[in-house]
Amino acid sequence: MKKINIAIDGPASSGKSTVAKILAKNYGYIYTDTGAMYRSVTYLAIQHQVAFSDESSLVDLIERYPISFEQTTDGQKVFVDGQEVTEAIRQNDVTNGVSEVSAWSGVREKLVDVQKKIAQNGGVVMDGRDIGTAVLPNAEVKIFLVASVIERAERRFKENQAAGIETDFETLKKEIEQRDHLDSTREVSPLKQAEDAILVDTTGLSIIEVVQHIEKIVADKQVLSK
Ligand code: DC
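Cut-offs applied
Residues numbered from 1 in each chain as written. Predicted model: local features only at pLDDT ≥ 70, side-chain atom pairs only at ≥ 80, totals over all residues. Heavy atoms only, no water. Helix = DSSP H or I, 4+ residues; strand = E, 2+ residues; numbered from the N terminus. Contact = heavy atoms within 4.5 Å. Polar contact = N/O pair within 3.5 Å; in protein donor to acceptor, adjacent residues only side chain to side chain. Buried < 20%, exposed > 50% of the residue type's maximum accessible area, 1.4 Å probe, protein only. UniProt positions renumbered as here; feature names shortened; annotations may be inferred. Pairing = 2+ DSSP bridges. Axes fitted to C-alpha atoms, helices over the stretch in contact; angles between N-to-C directions. Core = buried A, V, L, I, M, F, W, Y, C linked by side-chain atoms within 4.5 Å. 1 Å grid on protein atoms, 1.4 Å probe; cavity = no way out; pocket = protein on both sides within 12 Å on 5 of 7 lines; lining within 4 Å. Points joined across faces, edges and corners; volume = space filled by probe spheres on them. Nonpolar A, V, L, I, M, F, W, Y, C, P; charged D, E, K, R; others polar.

Trainee: Explain the environment of aspartate 127 here, please?
Mentor: With respect to the secondary-structure elements, aspartate 127 resides in strand E6 (residues 124-128). Remark: the alpha-carbon pair of aspartate 127 and isoleucine 165, spanning 38 residues in sequence, is separated by 23 Å. Once residues within four sequence positions are removed from consideration, aspartate 127 is found in contact with Ile8, Lys16, Ser17, Ala20, Tyr31, Thr32, Asp33, Thr34 and Gly35. A polar contact of 2.7 Å, which involves the side chain of aspartate 127, links it to the side chain of tyrosine 31.

See the structure below:
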């Protein structure tokens, strides 16, 4: 079977990464978490005391400290300049700064280049905000995952609890709303459903149900393109 690319976009905590990881495993594809790349730049900015408003210094950081992924049996590990940052990039200071950092066109150009290269031979499940619209406009399958704000806040609350990160539910809900707003109103490549993407609302669905639903979409697409 030809290796295709699957683009999964959607707002914060809509289940993209969980679903994308399972799909990649089931198909033997590479999973690429593009949010982790924007988070890594934000983490670098904090470490090197670069202001989130300083676009050219943020771009310098990307050039100086390459971001890489390692697929392991316990999931994907993220490294910047050889140092593992998988957990550090999920902390609140990074989460609250990442929308500002990812709004810069200079930052996006650099990271989108890397993302396009990863997917150039197919066989990739990539999740983010602009994968179907800007990074992989020719992806064979495009999914736009959404879920209610309350359900997304509940999911993030549980994830944080499991990771030992202290959070208050109402604050989390406000942060998600704020991030949705910033991500969908920014000038460059805002969060937006691609015209040819299929909308999947995961509110009230289990992860397995969402995965099965998308696998059916992929199978139908493969039959049609034969
Ligand atoms: O998926 P996530 O929550 O880890 O993403 C973190 C932030 O990165 C998100 O608020 C917006 C930004 N992002 C982006 O602008 N484009 C992408 N392709 C992926 C993430």
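Trainee: Explain the environment of asparagine 96 to me, please; I cannot follow it from the model alone.
Mentor: Take asparagine 96: it is sitting in helix H4 (residues 92-102). Its relative accessible area of 48% is what places asparagine 96 among the partly exposed residues. The sequence separation of asparagine 96 and arginine 39 amounts to 57 residues, and the corresponding C-alpha distance is 9.8 Å.

Trainee: Would you mind going over the UniProt feature "binding site: ATP" (unreviewed entry) in the chain with me for this structure?
Mentor: With numbering matched to this structure, UniProt assigns "binding site: ATP" (unreviewed entry) to Gly10, Pro11, Ala12, Ser13, Ser14, Gly15, Lys16, Ser17 and Thr18. Filtering out sequence-adjacent residues up to four positions away, proline 11 remains in contact with Lys16, Arg129, Leu145, Val146, Arg152, Asp180 and Leu191. With respect to the helices and strands, threonine 18 occurs in helix H1 (residues 16-27).

Trainee: Sorry, what's going on with the sheet that holds strand E8 (residues 198-201) here?
Mentor: In a beta sheet, neighbouring strands are held together by backbone hydrogen bonds and run either parallel or antiparallel to one another. Here we have 5 strands laid out as an open sheet, ordered E2-E6-E1-E7-E8, and parallel in their pairing. Unpaired on one side and paired on the other, strand E2 (30-33) and E8 mark the two borders of the sheet. Across this sheet, the average inter-strand angle for adjacent strands is 20°, counted without regard to direction. Here 4 bridges tie E2 to E6, and the two strands are oriented parallel to one another. Its bridge partner being in E6, isoleucine 30 is matched across the sheet by valine 124. On top of the sheet, H1 reaches strand E1 (5-9), E2, E6 and strand E7 (141-146); it is set at about 175° to E6, its chief contact.

Trainee: Explain the pairing of E1 to me, please; I cannot follow it from the model alone.
Mentor: Side-chain positions along a regular strand alternate between the two faces of the sheet. With 5 of 5 residues buried, E1 is to be regarded as a mostly interior element. The side-chain alternation of E1 yields two buried faces, one formed by Asn5, Ala7 and Asp9 and the other by Ile6 and Ile8. Two strands pair when backbone bridges link them, and E1 and E6 are joined in this way by 5 bridges, in the parallel orientation. From the neighbouring strand, asparagine 5 faces E6, where its bridge partner is valine 124. In the sheet, E1 pairs with E7 via 4 bridges, with the strands oriented parallel. Residue pairing in the sheet places isoleucine 6 in a bridge with valine 141 of E7.

Trainee: How should the nonpolar core be read in this particular structure?
Mentor: Side chains of nonpolar character tend, in soluble globular proteins, to be buried together. Residues Leu58, Val107 and Leu111 are the most contacted members of the largest nonpolar core, which totals 32 residues. With 7 residues, the top contributor of residues to this core is helix H2 (residues 34-47). Here leucine 111 is in contact with Met37, Tyr38, Val41, Ile62 and Ile67, once residues within four sequence places are set aside. Formed by 19 residues, the second largest nonpolar core is a distinct cluster that contains Ile8, Val19, Tyr29 and Val125.

Trainee: Could you clarify how one ought to interpret unusual backbone geometry in this entry?
Mentor: Both trends apply: most residues other than glycine have a negative phi, and most peptide bonds are in trans. Its identity is not glycine, yet glutamine 49 carries a phi of approximately 50°, on the positive side. By secondary structure assignment, the location of glutamine 49 is in the loop between H2 and helix H3 (55-64). For serine 189, which is not glycine, the phi dihedral falls at a positive 40°. Relative to the elements of secondary structure, serine 189 occurs in the loop between helix H8 (169-185) and E8.

Trainee: Can you walk me through empty space enclosed by the protein in this structure?
Mentor: Gaps left between atoms are located by rolling a probe of water-molecule size over the structure's atoms. Enumeration according to the criterion identifies 1 cavity of 30 Å³ or more in this entry. What the largest cavity holds in volume is close to 30 Å³. Lining the largest cavity, in full, are Ala7, Asp9, Gly132, Lys142, Ile143, Phe144, Lys192, Gln193, Ala194 and Ala197. Looking at the lining of the largest cavity, the elements that each hand over two or more residues are E1 and E7. No other element matches the 3 residues that E7 contributes to the lining of the largest cavity. Residue classes in the lining of the largest cavity are distributed as 5 nonpolar, 2 polar and 3 charged.

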